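# Structural characterization, general
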Amino acid sequence: HTLEFPCGVAAVRTFAEAGDGAVLVALWSGGGAVVTWDGREHLDLNLRTPEDDVEVTEAFRAAFVRDLEVAVVLRDVQPRGVGRVVNFSRDIADIPEIP
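Described in the following lines is the structure provided in the data block. Please read these numbers as outputs of a predicted model, since none were measured by experiment.

Secondary structure assignment for the protein chain yields 1 helix and 7 strands. For the protein chain, the succession of helices and strands along the chain, N to C, is β-β-β-β-β-α-β-β. Put simply, the protein chain has 99 residues, and 16% of those count as buried. Put simply, 13% of the contacts in the protein chain that link residues at least 6 apart link residues at least 24 apart. On the protein chain, roughly 8,100 Å² of surface is accessible, and the fraction owed to carbon and sulfur atoms is 56%.

Spelled out as structure tokens, the structure:
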């Protein structure tokens, strides 16, 4: 199904059939989120947004803290790239869509 997110409409899928917890995946144009819950106390949110989209990142953080009454214990910001190469969108030319 789809839900309205701060970043627009997202396709959302929940997987709760295996184990005690659940995995939720949300994908939208330009980003996505994966939430894992162990069924008890541990919750992870992995969020991918354009590097300059601080508003979406903050909206997700605020919603989790407010609605689930959780605290942010660790926040890692990961650069894009592979190996020793970091790619920022400003450094990459527009690549045409492949039909």
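The next thing to look at is the pairing of strand β3 (residues 22-28). Two elements, β3 and strand β4 (residues 31-37), share 7 bridges in a ladder whose sense is antiparallel. Within the sheet, the bridge partner assigned to Leu 27 lies in β4 and is Gly 32. Between β3 and β4, which pair antiparallel one after the other, the connecting turn spans 2 residues, and Gly 30 there sits at a positive phi close to 90 degrees.

This brings us to a nonpolar patch on the surface. Residues Val 65, Leu 68, Val 70 and Val 72 make up a contiguous nonpolar surface patch of roughly 280 Å² in combined accessible area. Tracing the sequence through the fold places Val 72 in the loop between α1 (54-68) and β6 (81-82).

A separate point is the pairing of β4. Regular strands place side chains that alternate from one sheet face to the opposite one. With 6 bridges connecting them, β4 and strand β5 (residues 43-48) associate as antiparallel partners. Considered in β5, the bridge of Val 34 is made with Asn 46.

Applying the stated criterion to the full structure yields 3 salt bridges. The salt bridge partner of Arg 61 is Glu 58, with a shortest N-O separation of 2.6 Å. Note that Arg 61 and Glu 58 are positioned in helix α1 at a spacing of 3 residues, about one turn of the helix. You can call Arg 61 partly exposed: its relative accessible area is 32%. For the salt bridge of Arg 66 with Asp 67, the shortest nitrogen-to-oxygen distance reads 2.8 Å.

Structurally, Gly 31 is set in strand β4. Considered as a pair, Gly 31 and Pro 50 are 19 residues apart in the sequence and their alpha carbons are 7.0 Å apart.

Attention now goes to the nonpolar core. Residues Ala 10, Val 12, Ala 26, Trp 28, Ala 33, Val 35, Val 56, Phe 60 and Phe 64 constitute the largest nonpolar core, which totals 9 residues. Breaking this core down by element, the ones donating at least two residues are β2 (8-15), β3, β4 and α1.

Another point: α1. Here α1 spans 21 Å end to end across 15 residues, near enough to the 21 Å set by a 1.5 Å rise per residue. Considered for burial, the residues of α1 that qualify are Val 56, Thr 57, Phe 60 and Phe 64. Within α1, the buried residues cover an arc of 105 degrees as seen down the axis, which keeps them to one side. For α1, the exposed residues set more than 90 degrees away from the buried face come down to Val 54, Glu 55 and Arg 66. Just past α1, the residue Glu 69 takes up positive phi, approximately 50 degrees.

Cut-offs used in this document
For every chain, the first residue of the written sequence is number 1, and numbering continues from 1 along that sequence. With the structure being a predicted model, the display of local features is reserved for residues of pLDDT at least 70 and the display and counting of side-chain atom pairs for 80 or more, all residues being used for whole-chain, interface and lining totals. Computation of side-chain values: all heavy atoms of the structure, hydrogens and water removed. Runs of H or I in DSSP of at least four residues are treated as helices and runs of E of at least two as strands, each being numbered from the N terminus. Categorising residues by exposure relies on relative accessible area from a 1.4 Å probe, with only protein chains included: less than 20% of the type maximum marks a residue as buried, more than 50% marks it as exposed, and the intermediate range marks it as partly exposed. The contact rule is simple, with two residues in contact once any of their heavy atoms fall within 4.5 Å. For the area figures, the Shrake-Rupley method with a 1.4 Å probe applies, and any residue is considered shielded solely by the protein chains shown. Should DSSP find at least two bridges between two strands, the strands are taken to pair. A residue counts toward a patch only above 30% relative accessible area and without a salt bridge, and it is joined to like-charged neighbours within 9 Å or, for Val, Leu, Ile, Met, Phe, Trp and Tyr, to nonpolar neighbours within 5 Å. Here, a salt bridge means any side-chain nitrogen of Lys or Arg that lies within 4 Å of a carboxyl oxygen of Asp or Glu. Take the buried Ala, Val, Leu, Ile, Met, Phe, Trp, Tyr and Cys residues and link them wherever side-chain atoms come within 4.5 Å; each set so joined is a nonpolar core. What a helix is expected to span follows from its residue count: subtract one and scale by 1.5 Å. Our arc is simply the arc of the directions from the helix axis toward the C-beta atoms.

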